[in-house]
Every structure is written in structure tokens, then in C-alpha cells.
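Now for the letters of each chain:
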Amino acid sequence: MARTAPRTGSTPARDRVPPHPDLRTISLQQVLEALVDPVRRQIVRALHAAGEDLPCGVIELPVSKSTATHHFHVLREAGLIRQHYVGTSRMNALRGEEFAECFPGLLEALVAAPERS
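Since we're looking at a predicted model, the values are computed, not measured.

Chemist: I'd love a proper account of helix α3 (residues 65-77), names of residues and values included.
Modeler: Note that an α-helix has 3.6 residues per turn; residues three or four places apart therefore point the same way. An ideal rise of 1.5 Å per residue puts 18 Å on 13 residues; α3 measures up with 18 Å between its terminal C-alpha atoms. In the core, the buried residues of α3 are packed alongside α1 (28-35), α2 (38-50), β2 (81-86) and β3 (89-94). One or two residues past the end of α3 sits G79, with phi positive at roughly 80°.

Shown next as C-alpha cells:
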């Protein structure tokens, strides 16, 4: 009978980092679809203003926690943010420099533009 390694109850850090797309595979269409939602634009602006990684719960959003999770997922899949864990907190960082290489000026235009209803 084959033996399996005992479970320690902890998950290796690399298993807790969600997958991030290669920005060279992201289309402008996908980015614009991600940014069409005002909640996602609010998240991008908050991360840009902070200039540092922020946990999901620190950004005040007018939606439920599960809906906020969806918005963070859409931004990650569009290549706009990078997520990783620190302890039990899922941290978010804007992929500003990487993003600017593929879509020059787009993030700057987004954060500079006033939000209108």
C-alpha cells in the first residue's frame, strides 16, 4: 500500500497565488470591458492612489463582498491587477509598469479622467 505525505494544514505560498495572465495575451477589448464598470474603475483608482498593495477589504466599495470578489477577479483576468496572499489577506497591486508597456497611456488617462454619472 502506498503512503501519502501527512497533511500539515498549511498551504504552500505558491498554491495561494491565483493565476495571472501574460499581458501580451490580453486584448484591448478585454481591458475596456473590464474598465466599463464604475466599481472596477474605482478599484483601479484606489490602487493607483495608494501606490502600494492593498487588501481587498480596505477599498470601500458600494457592493457586497461576493460582488467585490467578482470585480477583483475580472480586473485580474484583464491583466490590470496582481493578487497574492499575506497571511489571510488577499493583497492587490496595480500592474502599472507592465500594463503601460502593452497599453501606453491608458491607465494614466483613466485615473486622470473625472468620474461622471
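Chemist: I'd like to hear about the pattern of salt bridges, residue by residue, with values.
Modeler: According to the stated counting rule, one finds six salt bridges in the structure shown. A salt bridge links D22 to R24; the nearest nitrogen and oxygen atoms lie 2.6 Å apart. The partly exposed category is assigned to D22, whose relative accessible area is 34%. In this structure, the salt-bridge partner of R82 is E98, at a minimum N-O distance of 3.3 Å.

Chemist: Describe the sheet that holds β2, with residues and values.
Modeler: A sheet is described by the order of its strands in space; here three strands give the open sequence β1-β3-β2, paired in antiparallel fashion. The outermost strands of the open sheet, each flanked by one partner alone, are β1 (54-55) and β2. In this structure, β1 lies alongside β3, joined through two bridges in antiparallel fashion. In the strand pairing of β3, L54 is matched with N92. Here α2 sits on the sheet and contacts β1, β2 and β3; the angle it forms with β3, its principal contact strand, is near 85°. With respect to the sheet, α3 is in contact with β2 and β3, its orientation differing from that of β2 by roughly 120°.

Definitions and cut-offs
Residues numbered from 1 in each chain as written. Predicted model: local features only at pLDDT ≥ 70, side-chain atom pairs only at ≥ 80, totals over all residues. Heavy atoms only, no water. Helix = DSSP H or I, 4+ residues; strand = E, 2+ residues; numbered from the N terminus. Expected span 1.5 Å × (residues − 1). Contact = heavy atoms within 4.5 Å. Salt bridge = Lys/Arg side-chain N within 4 Å of Asp/Glu carboxyl O. Buried < 20%, exposed > 50% of the residue type's maximum accessible area, 1.4 Å probe, protein only. Pairing = 2+ DSSP bridges. Axes fitted to C-alpha atoms, helices over the stretch in contact; angles between N-to-C directions.

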